[in-house]
Structure formats: C-alpha cells, structure tokens
Amino acid sequence: MTSPAGNAAGASRLVLIHPDDWHLHLRDGKVLASVLPDTARRFARAIIMPNLQPPVTTVEQARAYRERIQAAVPPGLRFDPLMTLYLTDSTSPAEIARAKASGFVHALKYYPAGATTNSENGVTDLKRISGVLAAMEIHDVPLLIHGEVTDATIDVFDREAVFIERHLERLVREFPGLRMVLEHITTSTGAQFVTEAPGNVAATITAHHLLLNRNALFAGGLRPHHYCLPVLKREQHRQALLAAATGGNPKFFLGTDSAPHPRHAKESDCGCAGIYTAHAAIELYAEAFEQVEALDQLEAFASFYGADFYRLPRNIDTITLERRTWTVPEQIGVGPEAIVPFRANQPVAWQLADA
Ligand code: DOR
Ligand code: ZN
C-alpha cells in the first residue's frame, strides 16, 4: 500500500503505483488518436490487441503499428505500448523467434476463427498450431487466449466453460512451460480453472464484467452498449470475478478490454461487440473494488501482478484518485466515428486527481 491514508475502506483519496492495462484495443488512424489519450492518462503501459483489419501478424507490422501509437501519445504523457501478434493458421515458428528477439512483442493472441470482432483470420483448429505453440514455449512468449468455442450449437452463455473443457485443459497439460493468459474471464468456471491451474496460467478481468451482470443487456430495453464478448453473465459469475480480482491472488490482474466501436456500429440491427471503458477505467475498477470493501487490493491487481506475470519491472511513479462524482460525457469524439462510452451521461464515483 502506497497511500498514507492506507487505501482502506472509506478512504477519499487513493494513491496507486501507476497501473498498466494488460488487454486493450486501440484500433488505428483517427480512432487511435481519439482514444489513446484516455488510456495514456491512466496507464503507464498496455498490451495492445492485434485485431486490426488486416490483423497484425508479423513483427514488422507490429513495429509499424507501435510507431503509429507512439506518434499519437499526447505531449507530456509517457506511455509504452506492449505489442502482440495475431495468430493465424499460417503463423510460423520463425515469426515466434523474431517476436522474442524484437524486445517489443510481448505475446501472441489466439482468437478462434469467427469468435469475435475481426477474428475471421484467427485459428481454425488449435491442433494446426501445435508447432507454433511449442516454439512459444521454447522462446517463453506468452499466449493470450480468447477462450470461447465458436460451435453454434453451444449456448452463447456457455462458450467459455466449454472452451475450458474442450481445449484449455489439454493446452495446459501439453504445454506445461507456456505462459498463458485466459483473457477477460466472465464465469466462476474460468476463475476456478485459473485458480487451480499451475502458475504459468493467469487471467485478466475487465471493469465491466466486475460491475455488470447480464441483466444490464436488457435493462428497460435492448442495450447495445453493454454488449461485448464474452457476453455478460449471471450475477453469481460477477460475484466470483469480484472475489477473484480482490482476493490477492497474483494470477488475476487488470485488463480492460476497452474496445471502441463507432455509435452507428453498436446501435445497429447487428451491433458490434465491445465496450469502451478507457475514459474511466481505473476509476471504474475502484468502484468495483469498493463495492466489496477491497480498495486495499486494487493496487496489486492494477499495478503489480500483471507486470510480474509478464516479467517486466513494476512502475515506480504513482497516480492519485479522489472520491468525487463526475458525469461521463454522452459521447467521445464527433461525427460518424463518435464513440458512446461506458456510463454515458451517468455518474462515476472516483476521479483522477488531475482530471
Ligand atoms: O467485446 C469485444 N470486443 N470482445 C472481443 O473479443 C473483441 C473486442 C473488439 O475488438 O471489439
Ligand atoms: Zn479484447
């Protein structure tokens, strides 16, 4: 704990070692420029998802994307983008060696083909990439997993649990030296699996899955801005995620999965999956931790455990949050690319001290 006030329940000020976001979508071009300041004000580093169109599949593409991100960091802020590559059926073991040697590619992302936004080029069958997974194990490059089956006969609310049973148990057995992150877990099954798995298996948890259950999708009508993948689950699962996030277990750490889509792509007859939380990310986690009187656990979850898992140094500077209610704007940006942020027009209980 850093704060003289002890970051305890009832505190009105929280001083945290600068947090990192271990799962973030920044997109590219104009959208990148409009969303990056929100993250760079709150987080020192972030693991950048590679699901652009076309996806970031090579170290050279990641180098160029990293430079575009660095060029978009607002003056006066320091932000380190930690790059990832998108696994396809044709990723080669040689690309893994290049990733390791690059020093700036920190992981590879596995999307089951068809599971989510821009996943069409994802892996069609995990068995096809066994050689690549073996290379990742040898080079000690982490595997980031979108853990949902794409089998249309499986109920959408069960796809995480079925992925664990059909695929993840085997992966963990067959690649005991491969560090893996089950991204954005949404169920008690996911939390329990990671808790019981060996130390090379970890998980990220989003703020929205800590704050909402699936009722939020239908509160007074259909709510496209609460639609993400994996989809929100029952209250009992939210409670299990809160227990995992606040329990002081270093296998669970912060990953927002903040995923901007323009308003028109969400408010549509076939709305995109993704919730934008970067504008209030650490503040929303503070709300969630406060709900279960665990503010004293926030710093380790947000600032220590992820860095330790990725074998990167912990940050040493700090950010300050104050308990001061503010209202989230109705939208971020203007024109056709405007994004509706999480809690649009609604209050958030914590605020960055210099906001
Ligand atoms: O809700 C989501 N949005 N889940 C994902 O897996 C992808 C993400 C996106 O890129 O929009
Ligand atoms: Zn994501």
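Cut-offs used in this document
- Residues numbered from 1 in each chain as written.
- Chains lettered and ligands numbered in written order.
- Predicted model: local features only at pLDDT ≥ 70, side-chain atom pairs only at ≥ 80, totals over all residues.
- Heavy atoms only, no water.
- Helix = DSSP H or I, 4+ residues; strand = E, 2+ residues; numbered from the N terminus.
- Expected span 1.5 Å × (residues − 1).
- Buried < 20%, exposed > 50% of the residue type's maximum accessible area, 1.4 Å probe, protein only.
- Contact = heavy atoms within 4.5 Å.
- Donors = N, O, S within 2.8 Å, 3.2 Å for Na, K, Ca; no water.
- Pairing = 2+ DSSP bridges.
- Right-handed = clockwise from strand over helix to strand, strands pointing away.

Engineer: Mind showing me how you'd approach helix α8 (residues 235–246) here?
Structural biologist: Helical geometry note: an α-helix holds 3.6 residues per turn, so side chains three or four residues apart project in the same direction. Look at α8: 16 Å from first C-alpha to last across twelve residues, which is about the 16 Å you get at 1.5 Å a residue. Residues of α8 that are buried include every one of H237, R238, A240, L241, L242, A244, A245 and T246, and no others. Residues of α8 that are buried in the fold lie against α6 (188–196), β8 (201–205), α7 (207–211), β9 (252–254), α10 (281–291) and α11 (298–310). Following α8 by one or two positions, G248 adopts a phi angle in the positive range, close to 75 degrees.

Engineer: Is there a simple way to explain the coordination of the zinc ion (ligand 2) in this structure?
Structural biologist: Four donors placed tetrahedrally about a metal ideally form angles of 109.5 degrees, and six donors placed octahedrally ideally form angles of 90 or 180 degrees. Those protein atoms acting as donors to the zinc ion (ligand 2) are H23 (NE2), H25 (NE2) and D257 (OD), and they sit at 2.1 Å. Sequence positions of the donors to the zinc ion (ligand 2) reduce to the motif H-x1-H-x231-D. With a gap of 232 residues between them, H25 in the loop between β2 (21–24) and α1 (29–42) and D257 in the loop between β9 and α9 (263–266) connect regions that are remote in the sequence. Assigned by exposure class, H25 and D257 land together as buried.

Engineer: Looking at this structure, how should I read the pairing of β8?
Structural biologist: Side-chain direction in a regular strand flips from residue to residue, so the side chains alternate between the two faces of the sheet. Extensive coverage of β8 is indicated by the burial of five of its five residues. What you see with β8 is no split at all: V201, A203 and I205 on one side and A202 and T204 on the other are buried throughout. One ladder, built from three bridges, connects strand β7 (residues 180–182) with β8; its direction is parallel. If you follow L182 over to β8, its bridge partner there is A203. Note on the crossover from β7 through α6 to β8: the handedness is right-handed. Where β8 lies against β9, three bridges are found, and the strand directions are parallel. Bridging across to β9, I205 finds its partner in L254.

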